[in-house]
Amino acid sequence: MLLIIAKALRDYPWLTEPGKHLSKSVQVTRNTVVESLAALYNPAQLDVLSRASALAGVALAEEQVTAGNQTS
């Protein structure tokens, strides 16, 4: 799951800053996503998704630092 999330973040960087892509406000969108995830997944699944997303973010940041060091 970690690799899938990292790939999505890499391929679609707007996922971390979706503001320009929203048809509703950030708050409405956030509430909708949270309610949808809570309806679809149990607490253990949500925990795994949260942890995998955090690790994917760290991996992507490290990847960007490494890429920056290689171009210097």
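Scroll up for the structure.
All figures in this text were calculated on a predicted structure; none of them were measured in a lab.

(A) Examining the overall build of the protein chain more closely. When you go through the protein chain residue by residue, the secondary structure sums to three helices and zero strands. If you list the helices and strands of the protein chain from N to C, you get α-α-α. For the protein chain, the spread of C-alpha atoms along the three principal axes comes to 45 × 30 × 15 Å. Counting the 72 residues in the protein chain, one finds 8% classified as buried.

(B) View of the nonpolar core. With six residues, the main nonpolar core is built from Ile 5, Ala 6, Leu 9, Ala 52, Ala 56 and Leu 60. Within the residue set of this core, elements represented by two or more residues are helix H1 (2-11) and helix H3 (43-71). With near-sequence residues (within four places) excluded, Leu 60 lies in contact with Leu 9 and Arg 10.

(C) Representation of the environment of Asn 42 within the structure. Along the chain, the position of Asn 42 falls in the loop between helix H2 (26-40) and H3. By relative accessible area, which is 38% here, Asn 42 ends up partly exposed. A polar side-chain atom of Asn 42 sits 2.9 Å from the main-chain amide nitrogen of Ala 44.

(D) H1, seen in detail. Of the positions making up H1, those classed as buried are Ile 5, Ala 6 and Leu 9. With its buried residues spanning 100 degrees around the axis, H1 presents them on a single face. In H1, the exposed positions that point more than 90 degrees away from the buried face belong to Leu 3 and Ile 4.

(E) Molecular detail of the environment of Gln 45. Locating Gln 45 in the fold gives a position in helix H3. The exposure class of Gln 45 is partly exposed, given its relative accessible area of 39%. In terms of polar contacts, Gln 45 uses its side chain to reach the backbone amide nitrogen of Asn 42, at 2.9 Å.

(F) Structural view of a nonpolar patch on the surface. There is a patch of nonpolar side chains on the surface, built from Tyr 12, Trp 14 and Leu 15 and spanning about 300 Å² of accessible area. In this structure, Trp 14 sits in the loop between H1 and H2.

Reading the values: rules and limits
Note that residues are indexed from 1 along each chain, following the sequence as it is written. This being a predicted model, a pLDDT of at least 70 is required before a residue's local features are given, and a value of 80 or more before pairs of side-chain atoms are given or counted; all residues contribute to the totals for chains, interfaces and linings. Calculated side-chain values reflect all of the structure's heavy atoms, with hydrogen atoms and water omitted. Only DSSP runs of H or I covering at least 4 residues are called helices, and only runs of E covering at least 2 are called strands; the numbering of each starts at the N terminus. With a 1.4 Å probe rolled over the protein chains alone, any residue whose accessible area is under 20% of its type maximum counts as buried; one over 50% counts as exposed, and the rest are partly exposed. We define a nonpolar core as any set of buried Ala, Val, Leu, Ile, Met, Phe, Trp, Tyr and Cys residues linked to one another through side-chain atoms lying within 4.5 Å. Throughout, a residue-residue contact means that at least one pair of heavy atoms, one from each residue, lies within 4.5 Å. Contacts described as polar in this section are N or O atom pairs within 3.5 Å, which, within protein, must combine one atom able to donate a hydrogen with one able to accept it, while residues neighboring in sequence count only if both atoms come from side chains. What the arc measures is the spread of directions leading from the helix axis to the C-beta atoms. Patch members must show over 30% relative accessible area and no salt bridge, and they are joined within 9 Å when carrying like charges or within 5 Å when they are nonpolar side chains of Val, Leu, Ile, Met, Phe, Trp or Tyr. Working definition of accessibility: Shrake-Rupley area with a 1.4 Å probe, residue cover restricted to the visible protein chains. Salt bridges are defined by distance alone: a side-chain nitrogen of Lys or Arg within 4 Å of a carboxyl oxygen of Asp or Glu.

Functional significance is not addressed by these values, which are geometric in nature.
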